[in-house]
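Letter by letter, the chains look like this.
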Protein chains: 2
Amino acid sequence: MAHMPENRPYHHGDLRAALLQSAERTLREKGAGSLSLRELARETGVSHAAPSRHFKDKQALLNALALAGYDRLAEALAAAEDPTLPLQPRLTALARTYLGFAMDNPELLELMYARKHDPDASEQMTDGVDRTVGSLERVIADAQKRGEIIAGDPRHLMHLTGAAVHGVAAFSAGGWLDPDTAGDTIEGLIHHLLHGLMPR
Amino acid sequence: MAHMPENRPYHHGDLRAALLQSAERTLREKGAGSLSLRELARETGVSHAAPSRHFKDKQALLNALALAGYDRLAEALAAAEDPTLPLQPRLTALARTYLGFAMDNPELLELMYARKHDPDASEQMTDGVDRTVGSLERVIADAQKRGEIIAGDPRHLMHLTGAAVHGVAAFSAGGWLDPDTAGDTIEGLIHHLLHGLMPR
DNA sequence: ACCTGAACACCGTTCAAGT
DNA sequence: ACCTGAACACCGTTCAAGT
């Protein structure tokens, strides 16, 4: 009458991780709007009340997804950071990486920047944003030291550059910018930010 | 026993407009997440099934809200357009207007750029974006004619500039950029886009 | 510690029927 | 034409109870 393996209490090991993984699939395939805790529980083969042991409510699960997103984005940016490159290609590589993440994970990006601040989780979010834009700050500070970029508060320049890159990425991920030319647009953005739009 | 004025069939005139108005209040006060058709109907004093005569489903109501948002934004931008101004202040005025709209209507902005495309309503959305960025295109084309901006596809320059401005606005509205310095950031963005970040 | 089952108060959508 | 009332199939959240 033993109809279940005995090596785990009820399910297949780590419900929390299983829920997050299933949630990310649903997010990618059907969007954040049609993500239901009950359906998630169903897919994972667990009762509808089980998730509440791991996430106090739906928002907590969404927050966890967003935080994981920041981890992956920050990692991708760190991997794209190449201090041996000249300034412009170095910045362009970062911007292209951000754009790539946005187009591969449009729903996740939306979630990451959604204004649903559990005032406590909002700390972690701000930290996620900081880590994400942090690679930019290093590049800018470096370039200033070498005199390749004008002086000025590096955080101000970072915010401005980061926001601009995010704007192109958000437009592209949202479908308002032709995906085929999004790469050119982001390249043009970096170029014109560095050289200016005015003649000479 | 006449407990209702006879000059209207059931409710107070224009249910569609009443629903939209009530929805926009809820959007501003409690966010898009807690916007329910049933509660809207309750507030408007009508049965929960009544809204369906005016909006085929919830998404249709959200689309209508977003479209109204584009109308208001495009109108504000058109009002801020001053062809007698020199290039930089002229662009800065547009960017500041966009930023102001974003900070006054953060939830509405999110809705306007949400990727929930009923493939039919998506046409109207794209049109809304076009009208919104359209004022930018005129400024850029003008400036090119006067030789104040380098030659090149004006639509490319418009997309790039528009996306950058949107990025700063989205960061500010989302709370990732200090609201007190958002104005400086957007001014810096326009300045550096025109003059470049590189020395000389 | 971790999960279940039942219960509660909500949803959006549909559809016959009323005025 | 416009709205109602009832019905259906879902939700998220909570909580006693089981293992």
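Just so we're clear, the structure is a prediction, and the values are computed from it rather than from any experiment. In this convention, every chain numbers its residues from 1, walking through the sequence in written order. The order in which chains are written sets their letters, starting at A; the order in which ligands are written sets their numbers, starting at 1. Per-residue local features of the predicted model are confined to residues with pLDDT of at least 70, and side-chain atom pairs are confined, for both listing and counting, to 80 or more; whole-chain, interface and lining totals are unaffected and use all residues. To get the side-chain values, all heavy atoms of the structure are used, and hydrogens and water are removed first.

A.B. asks: Would you mind going over the layout of surface pockets with me for this structure?
C.D. replies: The method is simple in principle: a probe with the dimensions of a water molecule rolls over the atoms, and the space it marks as empty is what remains. Space inside the largest pocket adds up to approximately 1,100 Å³. Think of a 1 Å grid over just the protein atoms. A cavity is a set of points where a 1.4 Å probe fits yet cannot get out, a pocket is an open set with protein on both sides within 12 Å along at least five of seven lines, and lining residues have an atom within 4 Å of a point. As for the largest pocket, its lining consists of 45 residues, and the residues nearest its centre are Ala 32, Glu 110 and Lys 116 of chain A together with Glu 110 and Lys 116 of chain B. Numbered from the N terminus, helices here are DSSP runs of H or I no shorter than four residues, and strands are runs of E no shorter than two. Counting only elements with at least two residues in the lining of the largest pocket, the list comes to helix 3 (58-80), helix 5 (106-112) and helix 6 (121-145) of chain A together with helix 3 (58-80), helix 5 (106-112) and helix 6 (121-145) of chain B. In this model, the second largest pocket occupies a volume close to 240 Å³. Lining the second largest pocket are 16 residues, with Trp 176, Leu 177 and Asp 178 of chain A together with Arg 155 and His 159 of chain B positioned closest to its centre. Elements that contribute at least two residues to the lining of the second largest pocket include exactly helix 8 (179-195) of chain A together with helix 6 and helix 7 (154-174) of chain B. Taken together, the residues of the lining of the second largest pocket break down into 6 nonpolar, 6 polar and 4 charged. Grid points are joined across faces, edges and corners, and a volume is the space filled by probe spheres set on the points. Only Asp, Glu, Lys and Arg are considered charged, only Ala, Val, Leu, Ile, Met, Phe, Trp, Tyr, Cys and Pro nonpolar, and every remaining residue, Gly among them, polar.

A.B. asks: So what exactly am I meant to see when it comes to the interface of chain A and chain B here?
C.D. replies: Quite often, the size of an interface is put as the accessible area lost when its parts meet. Contacts are residue-level and defined by heavy atoms, with any inter-residue pair within 4.5 Å sufficient. Listed by partner, the interface residues are 43 residues for chain A and 43 residues for chain B. By buried area we mean the combined loss of accessible area, with a 1.4 Å probe, across both parts when two parts are placed together. Across the interface of chain A and chain B, roughly 4,100 Å² is buried in total on both sides, 71% from carbon and sulfur atoms. Considering only the side of chain A, the residues that lose the most area to chain B are Arg 115, Trp 176 and Leu 197 of chain A, jointly responsible for 21% of the buried surface there. By convention in these notes, a salt bridge is any Lys or Arg side-chain nitrogen within 4 Å of a carboxyl oxygen on Asp or Glu. Counting every contact that joins chain A to chain B gives 2 salt bridges. Across the salt bridge formed by Arg 115 of chain B and Glu 107 of chain A, the nearest N and O atoms sit 3.5 Å from each other. Here a polar contact is recorded for every N or O atom pair within 3.5 Å, except that within protein the pair must consist of a potential hydrogen donor and a potential acceptor, and residues adjacent in sequence are included only if both atoms are side-chain atoms. The interface formed by chain A and chain B holds 11 residue pairs in polar contact (both at pLDDT 80 or more) in total. Sorting elements by how many residues they give to the side of chain A that touches chain B places helix 7 (residues 154-174) of chain A first, with 14 residues. Split into classes, the residues belonging to the side of chain A that touches chain B amount to 24 nonpolar, 14 polar and 5 charged.

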